[in-house]
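If you want the building blocks of each chain, they are given just below.
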Amino acid sequence: MISLRYHVVSIAAVFLALALGVVLGASGVSDRLLSAVSAQRDDLGTQVQTLTGERDDLAAAARASDEFARRVGPAAVRGLLDGQAVTIVSAGSDVADRDGLVALLGQAGATVSGEVALTTAVGDPARADQLRELTAGLLPTGAQLPAASDTGSLLGGLLGGALLEGGDPAAVLTGLTTAGFLQAGEAPAPASLVVVLTGGALTGVDAADSAAVVARLAAELDRRGAGAVLAGSTGSADSTGAVGVARADSTVTAALSTVDDVQSGPGQVSTVLALREQLDGRSGRYGSAATASDGAAPAA
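Thresholds, definitions, all that
- Residues numbered from 1 in each chain as written.
- Predicted model: local features only at pLDDT ≥ 70, side-chain atom pairs only at ≥ 80, totals over all residues.
- Heavy atoms only, no water.
- Axes fitted to C-alpha atoms, helices over the stretch in contact; angles between N-to-C directions.
- Helix = DSSP H or I, 4+ residues; strand = E, 2+ residues; numbered from the N terminus.
- Parallel < 35°, antiparallel > 145°, perpendicular 65-115°, else oblique.
- Left-handed = near helix turned anticlockwise from the far one by under 90°.
- Contact = heavy atoms within 4.5 Å.
- Nonpolar A, V, L, I, M, F, W, Y, C, P; charged D, E, K, R; others polar.
- Phe/Tyr/Trp six-rings, centres within 6.5 Å; stacked < 30°, edge-to-face > 60°.
- Lys NZ or Arg CZ within 6 Å of the ring centre and 35° of its normal.
- pLDDT = per-residue confidence, 0-100.
- Buried < 20%, exposed > 50% of the residue type's maximum accessible area, 1.4 Å probe, protein only.

## With respect to the packing of helix H3 (residues 128-138) against helix H4 (residues 151-163)
Viewed as axis vectors pointing N to C, H3 and H4 meet at an angle of 25°, and their least axial separation amounts to 10 Å. By the angle between their directions, the pair H3 and H4 is classed as roughly parallel. Crossing geometry of H3 relative to H4 is assigned as left-handed. Only Thr151, Leu154, Leu155 and Leu158 of H4 make contact with H3, whose side of the interface consists of Ala128, Leu131, Arg132, Thr135 and Leu138. Considering only residue class, the contact of H3 with H4 consists of six nonpolar, two polar and one charged.

Right, here's the structure in full:
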């Protein structure tokens, strides 16, 4: 009996020892894991601080560049567009970008003849047939549309005839506004140059098609007048941005100038310099995107 109890106690002792070993071992593993996690946390914290510092430095550099451009820009463009009339065609652009550009155009000696604001319906594939029919119906007697069948080229041809070739802008703009393709506004006075002002990358299933409409419209306006610049904000050089679509077609950028950072002071200066470049029969791709192959700005 005593022997049996001894064996039972011995077995219990063994299991207790094993249990204690497991607990102590697990405690050691837990300590090592906690130590590793703590070290990783500290490392991530250091990385966050580094990245935050780099972000702040980049933001400060951007502000400094913007401030420099806004101070030096008026002197850099003074007199470059004396006697020129410029129409702005906006497609999803920011009001602040337009206002900054308008002020700089005035300092360059240009007269802003007015603005035509496109609605999102222009790039809606579901309304493409309606827009094609409307461009043909609004075309003044004796005027011609381009041979292309895409809505961007057709609308560019119609607007080019009305705004740049001495047509009747009131009738054309009223018809487009009534149909919902333009925002209501006064008809611009005749002009020779155009800035097509757009925002960043578009989103949605039809984003690329909508961006292509604006790009081709700008290309057709460039053919109709003394020159045009397609200027967009950050993201506009992406595959679903109007600038990106234009730059993907070398036949377009052979004549049309593009700027991809018009939201900034340097980008607005570049846009005005690009208009001067257009008058001189040249074109280029400017800005801060990877596809800005001609640099940040045209040569002054």
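## Points about the packing of aromatic side chains
The final tally for this structure, using the stated rule, is zero aromatic pairs. Taking NZ or CZ as reference, Arg127 lies 4.5 Å from the ring centre of Phe181, over its face.

## Observations concerning the confidence of the model for the protein chain
Averaged over all residues, the pLDDT of the protein chain equals 87, while 83% of them reach at least 70. For the stretch residues 4-10, pLDDT sits under 50, and the model shows zero contacts to residues farther than four places along the chain or on other chains. Contacts from residues 12-20, a stretch scored under 50 in pLDDT, to residues over four places away or in other chains number zero contacts.

## Overview of the side chain of Gln268
On the secondary structure map, Gln268 appears in helix H9 (residues 265-279). Gln268 sits in the buried class, given a relative accessible area of 3%. Excluding anything up to four places from it in sequence, Gln268 contacts Arg70, Ala96, Asp97, Gly100, Leu101, Leu104, Val262 and Gln263.

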